[in-house]
Amino acid sequence: MSPTAVGLILFSIFFIFAALMYTGKLPALLALPLMAAALYLVGGAFYHGVSPHAPGWNIGILLAEFVRVVIEEGMPRMWHYVITVLLGAILAELLKESGVSRTIIRWASELGGDHKIVMCILLTAATAVLFVSLTGLGSVIMVASIVIPILLGIGVPPPVAGSLFLFGMSLGGAFNPVNWGFFVEFMTKSGGMERAAAQQQLLGFVVPFAGIFILVTVVFVLLNARRGFSSFWAIPQSGSTPEKQQDAGPLALLSPIIPILLVIGFNLISRIKGGQGYIFPINTALLIGVLYCLAVSGRGANGRIQRLTKAIFEGISGTAPVAALIIGIGMIIRVVWDPAVGTYMEPVLKQIIPSGPILYVIVFTLLAPLALYRGPLNVWGMGSALAAVMIGTGVLPPVAIMGALYSVGMIQGVSDPTNTHNAWIAGFLGEDVQVFTRKTLPYTWILAAIGLALSAFMFLR
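Procedures and definitions
- Residues numbered from 1 in each chain as written.
- Predicted model: local features only at pLDDT ≥ 70, side-chain atom pairs only at ≥ 80, totals over all residues.
- Heavy atoms only, no water.
- pLDDT = per-residue confidence, 0-100.
- Helix = DSSP H or I, 4+ residues; strand = E, 2+ residues; numbered from the N terminus.
- Contact = heavy atoms within 4.5 Å.
- Patch = residues over 30% accessible without salt bridge, like charges linked within 9 Å, V, L, I, M, F, W, Y side chains within 5 Å.
- Areas by Shrake-Rupley, 256 points an atom, 1.4 Å probe, with all protein chains shown as cover.
- Salt bridge = Lys/Arg side-chain N within 4 Å of Asp/Glu carboxyl O.
- Buried < 20%, exposed > 50% of the residue type's maximum accessible area, 1.4 Å probe, protein only.
- Core = buried A, V, L, I, M, F, W, Y, C linked by side-chain atoms within 4.5 Å.
- Axes fitted to C-alpha atoms, helices over the stretch in contact; angles between N-to-C directions.
- Left-handed = near helix turned anticlockwise from the far one by under 90°.
- Nonpolar A, V, L, I, M, F, W, Y, C, P; charged D, E, K, R; others polar.
- Expected span 1.5 Å × (residues − 1).
- Polar contact = N/O pair within 3.5 Å; in protein donor to acceptor, adjacent residues only side chain to side chain.

Student: Could you give an account of the confidence of the model for the protein, with specific residues and numbers?
Tutor: Taken residue by residue, the protein gives an average pLDDT of 83. The fraction at 70 or more is 91%. Model confidence for the protein, summarised as mean pLDDT per element, is weakest for helix α5 (residues 100-112) at 73 and strongest for helix α19 (residues 434-459) at 94. Predicted confidence for residues 229-244 stays below pLDDT 50, and this span has 14 contacts to residues more than four positions away or in other chains.

Student: Requested: an account of a nonpolar patch on the surface, with residues and values cited.
Tutor: There is a patch of nonpolar side chains on the surface, built from I358, I362, L366, L367 and L370 and spanning about 490 Å² of accessible area. On the secondary structure map, L366 appears in helix α15 (residues 357-367). Given a relative accessible area of 63%, L366 falls into the exposed group.

Student: Lay out the pattern of salt bridges in plain terms, naming residues and giving numbers.
Tutor: This structure, assessed with the given rule, holds five salt bridges. The partner of R68 in a salt bridge is E65, and the shortest N-O contact between them spans 2.6 Å. On the criterion of helical spacing, the pair formed by R68 and E65 is a turn pair, its members being three residues apart in helix α3 (residues 59-73). Overall, R68 belongs to the partly exposed group, its relative accessible area being 31%. Among the salt bridges present, the one from R334 reaches D338, with a minimum N-O distance of 3.3 Å. In this structure R334 comes out as buried when scored by relative accessible area, which is 10%. Overlapping salt bridges bring together E65, R68, E73, R334 and D338 as one network.

Student: Explain the nonpolar core to me, using residue names and the numbers behind them.
Tutor: Residues F165 and Y406 are the most contacted members of the largest nonpolar core, which totals 152 residues. Filtering out sequence-adjacent residues up to four positions away, Y406 remains in contact with A174, W180, F183, L202, F205, V206 and F209.

Student: I'd love a proper account of the packing of helix α2 (residues 28-47) against α3, names of residues and values included.
Tutor: Two elements in contact, α2 and α3, have axes separated by 10 Å at closest approach and are oriented at 140°. The chirality of how α2 crosses α3 is right-handed. Facing A36, A37, Y40, L41, G44 and A45 of α2, the residues of α3 in contact are L62, E65, F66, V69 and V70. Class assignment for the residues of the contact of α2 with α3 results in nine nonpolar, one polar and one charged.

Student: Give a detailed account of helix α9 (residues 177-189), specifying residues and quantitative values.
Tutor: With 13 residues, α9 should cover 18 Å at 1.5 Å per step; its first-to-last C-alpha distance of 18 Å lies within 8% of that length. Where burial is concerned, most of α9 is hidden: eleven out of the 13 residues are buried. Within α9, the full set of buried residues consists of P177, V178, W180, G181, F182, F183, V184, E185, F186, M187 and T188. The backbone nitrogen of V178 lies 2.9 Å from a side-chain oxygen of the residue at the head of α9, namely N176.

In C-alpha cells:
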C-alpha cells in the first residue's frame, strides 16, 4: 500500500475519534489515549512490516515499540505541565478561602459608583485579575455569584452580565501562568524548542494580544452595557441580614498576580539592563505565589499547615480529570512525532496546511469556529492532536501553531456552550446557554482574526 493511502487511513482514524468527541459519544480524556493507540498500531503495522505473509509477522517488534512509544514515553511526555496545573489549583484553593476575591470585587463596585459603564469595566477587570490565578468551576461559582448580581442590580441585562463575566474570566486566563505553561510545554515537547526560547516567544505574543483582548472587551461593554433597566434582582429580601465577612488585607490582595509579576517582571528588568530577558520558571513562580498567599492571608481557623494541607488535597482532587487529559495529549504528541506515524501523515497534511502569512490568517480565521462544541480546533481536545501533526510537517514553525491555537482558543473560552462555566452561568441567570454564544461570538471571532494577524506578523515574516 502506498504511503499516501496509509496516511489517509490514519487521518480517517483521526476524524472518527474527532466525531466521537464532537457528538459526546466519547470524552476527550478517553478518546485521546485510544486515538494515540489506534494511530500507532495501524501506522506501526505498515512501518514495521507486520503481515501474515512475512516471516515472523514482526508483530513482536510492533508490540515492543507500542509499549515504548505510546506508554513509556507518551504518558509522561507532559509531566512538567501536570505539576503546573497542580500548583495553580493549590493557589486557587488558597485564594478561594482567603477573602481576596470578595474584597477585590467590592472595591471595584465601590469605585464604579453609579456609572454603569465604569462599573461594568471595573467588575470585568476585577474578574480578570482574579482569574489570573483562579481555575476550575468552583472558582467560577464563587466569583460569578458575587459579580453577576451586582451587574444585574445596576440594570445590565442578564445576557450581557453573563457575557461580561465570560470576557473577564477569559481575559484573566490569557495571563494565567498555568495556561502559559501548557503552551510552553507544547512547543517544547511537540516542537522541539528550548524551554527558555518557547517561553520568550510566548510572552512576546501574549502581551500585545492581551492588549487587543482588552480593547475588544471595552468595545463590547460600550455597545451592550448601556441598554438595560434598574433591577432589584441582587438586593437581599426583607428581613435577611448578610453575614459580615472580614476583608482581605492589602498584601493578600496581591496574591493573584504574584506569579505573573515574577514571570513578566524579571523578563522586563533583564531587558532594561540590556539582557535577553530572564526566563523566570513558571512552576517556581506559582510555588512562590502559593507560599506568599499562605503567609499573608492569615492563619485561618485551623492554622496555616491545615490550610495548606486542605488546599493540596482539594487541588489534587480538582485537577485529576485535567491531568488525565494532559496524559492523553502527551501520548498523541509522542505518537505523531514517531516515524511509524509521521512518515505517513506528514505528506498528506503538507498539501493542505497554509504556509504563507495571508493564507494562514484567512484559513484559520474561517476555521476558527471549529473551536466550539469540542471541535477539531479545541485546544483541550483534538486541537492539540491536530497541532502536533501540523508541527510535525515542518510547514509552519511551532510558534505560529501556538499563535493560531491561542487566538482561536479565545472563541472556545468565551463562546463555547459546552463549557461547564457557560452552562453554570446560564443556569444561574435562567437563560439558554446558546444566548451567550450568539452574544459573544462576533467579538471573539474578530479577536481571533486579529490575533492570527498578529501571529502571522510576528512569526511568518
